[in-house]
Amino acid sequence: MDTGDFVKGFVVGALGGLLFGILYAPKSGRETREDIRKSTADLYDKTKEQYRQAILGMEELVGESRKAYADKKERLKKAVEAGVEAYKEEKAAAGQS
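Throughout what follows, the structure given in this document is the object of discussion. Owing to the predicted nature of the structure, the values given are computational and were not obtained by experimental measurement.

Bringing the packing of helix H1 (residues 3–24) against helix H2 (residues 29–96) into the picture now. Contact pair H1 / H2: the axes reach a minimum separation of 11 Å and the direction vectors enclose 170°. Considering their axes alone, H1 and H2 lie roughly antiparallel with respect to each other. Residues Thr3, Phe6, Val7, Phe10, Val11, Ala14, Leu15, Leu18 and Ile22 of H1 form the contact with H2, whose participating residues are Thr32, Ile36, Ser39, Leu43, Lys46, Thr47, Gln50 and Ala54. Looking at the contact of H1 with H2, its residues break down into 11 nonpolar, 5 polar and 1 charged.

And the structure:
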């Protein structure tokens, strides 16, 4: 699941629930406004935390990708060096025959 889609779905669902609650709540305007303030603050905090978690996950993924890239690069370098060395040895052996 894409993190961006999750956050979008979370925000849309929260706003839809908030709107439904406001329209059908048997409260006064003052109470409703206070509820809206609290809900908005809660939604903001939750969204901010989801964003932070997504960033941490991406940073971890980037770190793992860099390490895997460095490992593969080193293995390829060693393989090329071994191939060059084997070529030189074969060339020298063929020249001595």
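A pair can form between side chains of opposite charge whenever their charged atoms are brought close. Throughout the structure, instances matching the rule amount to 3 salt bridges. Arginine 37 is the partner of glutamate 34 in a salt bridge, and the nearest nitrogen-oxygen pair spans 3.3 Å. On the criterion of helical spacing, the pair formed by glutamate 34 and arginine 37 is a turn pair, its members being 3 residues apart in helix H2. Owing to a relative accessible area of 34%, glutamate 34 belongs among the partly exposed residues under this scheme. Exposure remark for arginine 37: the relative accessible area of 51% places this residue in the exposed category. Put simply, aspartate 71 and lysine 67 hold a salt bridge, and the shortest N to O gap is 3.2 Å. A residue pair is termed a helical-turn pair when its members lie 3 or 4 positions apart in one helix, as aspartate 71 and lysine 67 do in helix H2 at 4 residues. Look at aspartate 71 and you get partly exposed, because its relative accessible area is 39%.

Once that is clear, we can look at a nonpolar patch on the surface. Taken together, Leu19, Phe20, Leu23 and Tyr24 make up a surface patch of nonpolar side chains, about 510 Å² in accessible area. Its relative accessible area of 54% is what places phenylalanine 20 among the exposed residues.

Given 3.6 residues to a turn, an α-helix orients residues that are three or four positions apart in the same direction. With 68 residues, H2 extends 99 Å from end C-alpha to end C-alpha; this agrees with the ideal 100 Å at 1.5 Å per step. Within H2 the residues assigned to the buried category are Thr32, Leu43 and Ala54. Taken together, the buried residues of H2 touch H1.

What counts and how
Within each chain, residue numbers correspond to sequence positions counted from 1 in written order. Residues qualify for local features only when their pLDDT is at least 70, as the model is predicted, and side-chain atom pairs are given and counted only at 80 or more; totals for whole chains, interfaces and linings, by contrast, use all residues. Hydrogens and water molecules were not included; the side-chain quantities draw on all heavy atoms of the structure. Under this scheme, a helix contributes an axis fitted over its contacting stretch, all axes are lines through C-alpha atoms, and angles between N-to-C directions fall in the 0 to 180 degree range. In this description a helix means any DSSP run of H or I spanning at least four residues, a strand means any run of E spanning at least two, and both kinds are numbered starting from the N terminus. Under this scheme an angle from 65 to 115 degrees is roughly perpendicular, one under 35 degrees roughly parallel, and one over 145 degrees roughly antiparallel; angles in between are oblique. We call two residues in contact whenever any of their non-hydrogen atoms come within 4.5 Å of each other. Just so you know the grouping, Ala, Val, Leu, Ile, Met, Phe, Trp, Tyr, Cys and Pro go in nonpolar, Asp, Glu, Lys and Arg go in charged, and all remaining residues, Gly too, go in polar. The salt bridge criterion pairs a side-chain nitrogen of Lys or Arg with a carboxyl oxygen of Asp or Glu, the two atoms within 4 Å. Note on classification: 1.4 Å probe, protein chains only; a residue is buried when its accessible area is under 20% of the maximum for its type, exposed when over 50%, partly exposed between these limits. Candidate patch residues must exceed 30% relative accessible area and have no salt bridge, after which like charges are joined if within 9 Å and Val, Leu, Ile, Met, Phe, Trp or Tyr side chains if within 5 Å. Only the protein chains shown count as cover for residues, with accessible areas throughout obtained via the Shrake-Rupley method and a probe of 1.4 Å. The length a helix should cover is 1.5 Å for every residue beyond the first.

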